[in-house]
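Summary of the model geometry
The lines below spell out each chain.
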Amino acid sequence: MWPATVLTLFPELFPGPLAASLSGKALEQGIWSIRTIDIRDFGLGRHRSVDDTPFGGGAGMVLRPDVAAAAIDSVRGDAPRGRPLIYLSPRGCPLTQQRVRQLARGPGVILLCGRFEGLDQRAIDLRGMEEISIGDYVLSGGEIPAMALLDACIRLLPGVLGSANSAGEESFEHGLLEYPQYTKPRIFEQFEVPAVLISGNHGEIAEWRRREAERLTCKRRPDLWALYENRRRSAKTPGSQEDPRRPGGKDEPDSNA
Ligand SMILES: C[S@@+](CC[C@H](N)C(=O)[O-])C[C@H]1O[C@@H](n2cnc3c(N)ncnc32)[C@H](O)[C@@H]1O
């Protein structure tokens with residue numbers, strides 16, 4: 001059982017879309033579990049206040065450190081040792097497939113969803129929180145980022161994906177975007193699937209897929225392509241263990257590893 005604890009001002013949003021499809025089935029099967037903690041329960045005063053104005057001025061409100069810390073401390077005691085405590089934040093390190101894999105292999109996660117202008121820095125520092133972003137854009141709360149992170153992890157938990165190979169072939173797994181996929185019908189609006197895919201020649205299919213994955217990565221993601229090229233160059237260096245094309249080869253370098 002992979003336990004997820006989510007600290008949020010909107011516990012009613014969970015499990016939300018995670019109750020459907022693969023993650024929903026896995027939840028029913030007890031492969032993972034979710035517990036939500038309402039940060040408001042730790043709010044102050046008659047109105048259970050959780051936020052206040054920013055020191056130094058400026059727009060909006062900030063989630064108070066004493067309230068957030070009390071909510072965190074309420075779950076940390078009974079959490080399995082080493083469970084990462086993550087604050088979803090646009091300022092965080094970008095979430096990568098490599099970090100997702102690490103989290104899915106670990107003892108679960110504790111996620112704090114921010115709101116307003118974010119969380120007082122002292123709560124982040126004093127509770128040793130890892131800050132993770134799901135992309136370079138600003139959402140109004142951490143709940144959707146938390147769901148995105150959970151979904152990415154859950155599908156990698158043993159027993160969740162139908163085929164053991166499904167995850168290994170996907171985008172980012174070998175530092176490349178995935179090759180284009182085709183299914184029936186063979187001809188759709190006069191466009192036929194690439195002949196190699198119906199040739200039955202597994203070697204040629206694998207080679208075509210690799211070339212397509214490289215072409216797409218080079219065109220769409222120069223950042224990933226540069227890393228891939230570096231690894232390919234170092235793989236050619238005598239004595240190097242790296243091979244970017246080898247399934248299970250070394251992971252792409254990662255800023256939040
Ligand atoms: C309106 S945002 C705060 C944005 C903050 N003032 C800033 O400029 O970085 C409120 C909350 O949404 C969540 N959030 C917004 N965008 C996010 C992203 N790209 N990744 C992860 N969390 C995000 C965070 O929990 C954040 O505390």
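Anyway, here's the lowdown on the structure attached to this text. (Residues numbered from 1 in each chain as written. Predicted model: local features only at pLDDT ≥ 70, side-chain atom pairs only at ≥ 80, totals over all residues. Heavy atoms only, no water.)

So, helix α6 (residues 202–220)
How we decide: Numbered from the N terminus, helices here are DSSP runs of H or I no shorter than four residues, and strands are runs of E no shorter than two. The span you would expect from a helix comes to 1.5 Å times its residue count less one. Type-normalised accessible area, obtained with a 1.4 Å probe on protein chains alone, sets the label of each residue: buried when under 20%, exposed when over 50%, and partly exposed for intermediate values. Throughout, a residue-residue contact means that at least one pair of heavy atoms, one from each residue, lies within 4.5 Å. Polar contact criterion, stated in full: a pair of N or O atoms within 3.5 Å, where within protein one must be able to donate a hydrogen and the other to accept it, and residues adjacent in sequence count only if both atoms are side-chain atoms.
A rise of 1.5 Å per residue sets the reference length of α6, with its 19 residues, at 27 Å; its end C-alpha atoms lie 27 Å apart and thus fit the reference within 8%. Within α6, the full set of buried residues consists of Ile 205, Trp 208, Arg 210, Glu 212, Ala 213, Glu 214, Leu 216 and Thr 217. Against the buried residues of α6 lie α7 (222–235). For α6, the capping residue at the N-terminal end is Asn 201, with a side-chain oxygen 3.1 Å from the backbone nitrogen of Gly 203.

A short note on the site of the ligand
Counted only if it meets this: A single heavy atom is enough: if one lies within 4 Å of a molecule or strand, its residue is considered near that molecule or strand. Method for areas: the Shrake-Rupley scheme with a 1.4 Å probe, in which residue coverage is limited to the protein chains shown.
Taken together, 20 residues sit near the ligand, with Tyr 87, Leu 88, Gly 114, Tyr 137 and Leu 139 positioned nearest. Glu 117 places a side-chain nitrogen or oxygen 3.0 Å from a nitrogen atom of the ligand. For the ligand, whose unbound accessible area comes to 590 Å², protein coverage reaches 85%. The set of elements that each furnish at least two residues to the shell around the ligand consists of β5 (85–94) and β7 (130–133). Per-element tally for the shell around the ligand: the top contributor is β5, with four residues.

Some remarks on the environment of Thr 5
Inspection of the secondary structure puts Thr 5 in strand β1 (residues 2–8). The spatial distance from the C-alpha of Thr 5 to the C-alpha of Asp 223 is 33 Å, given a sequence separation of 218 residues. Among residues more than four places away in sequence, those in contact with Thr 5 are Arg 35, Ile 37, Val 75, Arg 83, Val 109, Ile 110 and Leu 111.

Interpretation note: all reported values are geometric properties and have no functional meaning in isolation.
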